[in-house]
Amino acid sequence: MFAQGLRAMQRAITTAVFAIFMLPAGIVHAQFLFEPQHTFWPGQYAHKHHHRQTNSETAPEPLPKGPLQIIISIADQRVSLFDNGALIARSSVSTGMEGHPTPLGVFSVISKQRWHRSNIYSAAPMPYMQRITWSGIALHAGVVPGHPASHGCIRLKNDFAVRLWHLTKRGTRVIIAHGDVQPVEITNPHLFQAKASSASSEFQTATVATKSIGTAAATQGSLVSNAETPEAASLQVPGSVPAASAPKKIVPISIFVSRKLSKLFVRQGFTPLFDVPVKIENSEEPLGTHVFTAMEFQNEGTAIRWTVVSIPDEFPRIEGATKGREAPVKQTALSVPSPDQANAVLNRIEIPQDTVERISKLLTPASSLIISDNGFSHETGKDTDFIVVTH
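Conventions we followed
- Per chain, residue numbering runs from 1 following the sequence as it is written.
- In view of the model being predicted, local features appear only for residues whose pLDDT reaches at least 70, and side-chain atom pairs are presented and counted only at 80 or more, with totals across whole chains, interfaces and linings using the full set of residues.
- As a convention, hydrogens and water are excluded, and side-chain values are obtained from all of the structure's heavy atoms.
- By convention, a stacked pair of Phe, Tyr or Trp rings (six-membered ring in the case of Trp) has centres within 6.5 Å and planes under 30 degrees apart, an edge-to-face pair has planes over 60 apart, and any other such pair is tilted.
- For a lysine, the NZ atom is tested; for an arginine, the CZ atom; a charge sits over a ring if that atom is within 6 Å of the ring centre and within 35 degrees of the ring normal.
- Burial classes follow relative accessibility: with a 1.4 Å probe on protein chains only, a residue under 20% of its type's maximum area counts as buried, one over 50% as exposed, and anything between as partly exposed.
- A run of H or I in DSSP becomes a helix once it reaches four residues, and a run of E becomes a strand once it reaches two; helices and strands are each numbered from the N terminus.
- An arc is given here, and it is the one of the directions from the helix axis to the C-beta atoms.
- Whether two residues touch is decided by their heavy atoms; if any such pair falls within 4.5 Å, the residues are in contact.
- One bridge is not enough; two strands pair if DSSP finds at least two bridges between them.
- Salt bridges are defined by distance alone: a side-chain nitrogen of Lys or Arg within 4 Å of a carboxyl oxygen of Asp or Glu.

Help me out: how do you make sense of the packing of aromatic side chains in this one?
We describe a pair of aromatic rings using the distance from one ring centre to the other and the angle between the two ring planes. Tallied over the entire structure, the rule returns 6 aromatic pairs. These aromatic residues form a ring-pair network of at least three members: Phe256, Phe265, Phe376 and Phe386. In this arrangement the basic side chain of Arg267 is found over the ring face of Phe386, its NZ or CZ atom lying 5.5 Å from the centre. Above the face of the Phe274 ring, Arg358 is positioned so that its terminal group lies 3.8 Å from the ring centre.

Would you mind going over helix α3 (residues 158-167) with me for this structure?
Residues separated by three or four positions in an α-helix point in the same direction, a consequence of the helix having 3.6 residues per turn. Counting buried positions over the 10 residues of α3 gives 10, a clear majority of the element. When α3 is considered as a whole, its buried residues turn out to be Asn158, Asp159, Phe160, Ala161, Val162, Arg163, Leu164, Trp165, His166 and Leu167.

Sorry if this is basic, but what is going on with helix α6 (residues 353-362) here?
Restricting attention to buried positions, one finds in α6 the residues Thr355, Ile359 and Ser360. Along the axis of α6, the buried residues cluster in a sector spanning 135°; they form a single face. Of the residues in α6, the exposed ones pointing more than 90 degrees away from the buried face are Gln353, Asp354 and Lys361. On its buried face, α6 is in contact with β11 (253-258), β12 (263-268) and β13 (271-277).

Is there a simple way to think about the pairing of strand β9 (residues 173-177) in this case?
On a regular strand, one side chain projects to one face of the sheet and the next to the other, so that they alternate. Judged by how many residues are buried, β9 sits mostly within the fold: 5 of 5 residues are covered. Taking every second residue as pointing to the same face, both faces of β9 are buried, with Arg173, Ile175 and Ala177 on one and Val174 and Ile176 on the other. Where strand β1 (residues 68-73) meets β9, 5 bridges bridge the pair, whose relative direction is parallel. By the bridge assignment for β9, Ile70 is matched with Val174. Where strand β4 (residues 105-108) lies against β9, 4 bridges are found, and the strand directions are antiparallel. Directly across from Phe107, in β9, lies its bridge partner Val174.

Even after reading the chapter, I still don't get the environment of Gln298, so can you show me in this structure?
Relative to the helices and strands, Gln298 is located in strand β15 (residues 289-298). Gln298 sits in the partly exposed class, given a relative accessible area of 32%. Once the C-alpha coordinates of Gln298 and Ala194 are considered, the two residues, 104 residues apart in sequence, prove to be 9.8 Å apart. The residues contacting Gln298, other than those within four sequence positions of it, are Ala303, Ile304 and Arg305.

Which parts of the structure should I look at to understand the pattern of salt bridges?
Between side chains of opposite charge, a pair can form when the charged atoms approach closely. The tally for this structure, following the rule as stated, stands at 9 salt bridges. Residue Arg90 is joined to Asp180 by a salt bridge in which the shortest nitrogen-to-oxygen separation is 3.7 Å. Remark: Asp180 occurs in the loop between β9 and β10 (184-186) and Arg90 occurs in strand β3 (residues 86-94); sequence separation between them is 90 residues. The exposure class assigned to Arg90 is buried, which follows from its relative accessible area of 8%. Since its relative accessible area comes to 11%, Asp180 is described here as buried. The residue Arg163 makes a salt bridge to Asp159 at a minimum N-O spacing of 2.2 Å. Residue Arg163 and its partner Asp159 are both found in helix α3; the two are separated by 4 residues, about one turn of the helix. By relative accessible area, Asp159 is classed as buried at 3%.

Structure follows, in structure tokens:
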């Protein structure tokens, strides 16, 4: 009797194991959505767990830490993460389906919450949420079926969402475009440069400190609070103030030039500073939308390395982008853009010299210049950077 009972128990265990492996793929994915998965982060970005890398995701060698940029391609259903202007990670996403499109344009992380539930859709779970608009658009972990399927948010694979959440800060730039765009280096005499009189250890320290903050976020991500300051914030400049004084804060600025409004606006962190009129040559001709980012100071603070992301105005409708599960989204070829258009745009804008001087004194690594035909979105407000919606 005992032997028969033992054999029956063994058959039951075998049947249960077999049933688990026969579950449909969607159910298995849902079951293990919140469990650690594969990682593709290069050495200094990796957490303590190491997993295999899949063929669908790339992991170039890590570069020194710099400003982070998150770029999402709707056509490719893909997110790319750039550090200091170089690609460091890439993964699949699921964006808004037909009737609930994901907005295109220039955003930034304005709020983060490890465990969040939707305020709009029946308290649906949105783990590792990074909000980019107050009206409900966010990046978060979720099911990524290979096609647009969300109500406007950007769903990330769980492993990517976890590591990205630990690495970013409030203020990290997020760009959403139809196709695959990327930053390229640019030099132009009309780009803001640091004042020679201010070029001292302050700028060198700001550059080094920005990199060290990124490293700390990667290695001590579990300690990051929900009230992070923008990148490079709260950096003390050694020797600049007495030890008993409060640390000096170096907070990146954002400059926005709108052809529609013929104005230049400046924010520091999420706080408006000032705005001035500007002249735009051939103002009836479009400028497009371009995001310039100060990567790092060079030559003891007398020069800045800049990159630019140029967002095409229009793309043809992507066949299959909003259809059902049987119609996967077509991938677009990754092309290296030319900075020529961005250079031509800079050459058309005339900014008052006193404004140039004022901005130059405020520049830090991770500061940015956004130029667009549009005004800023109504989403721009308290506790946001400039939000520019292009479509």
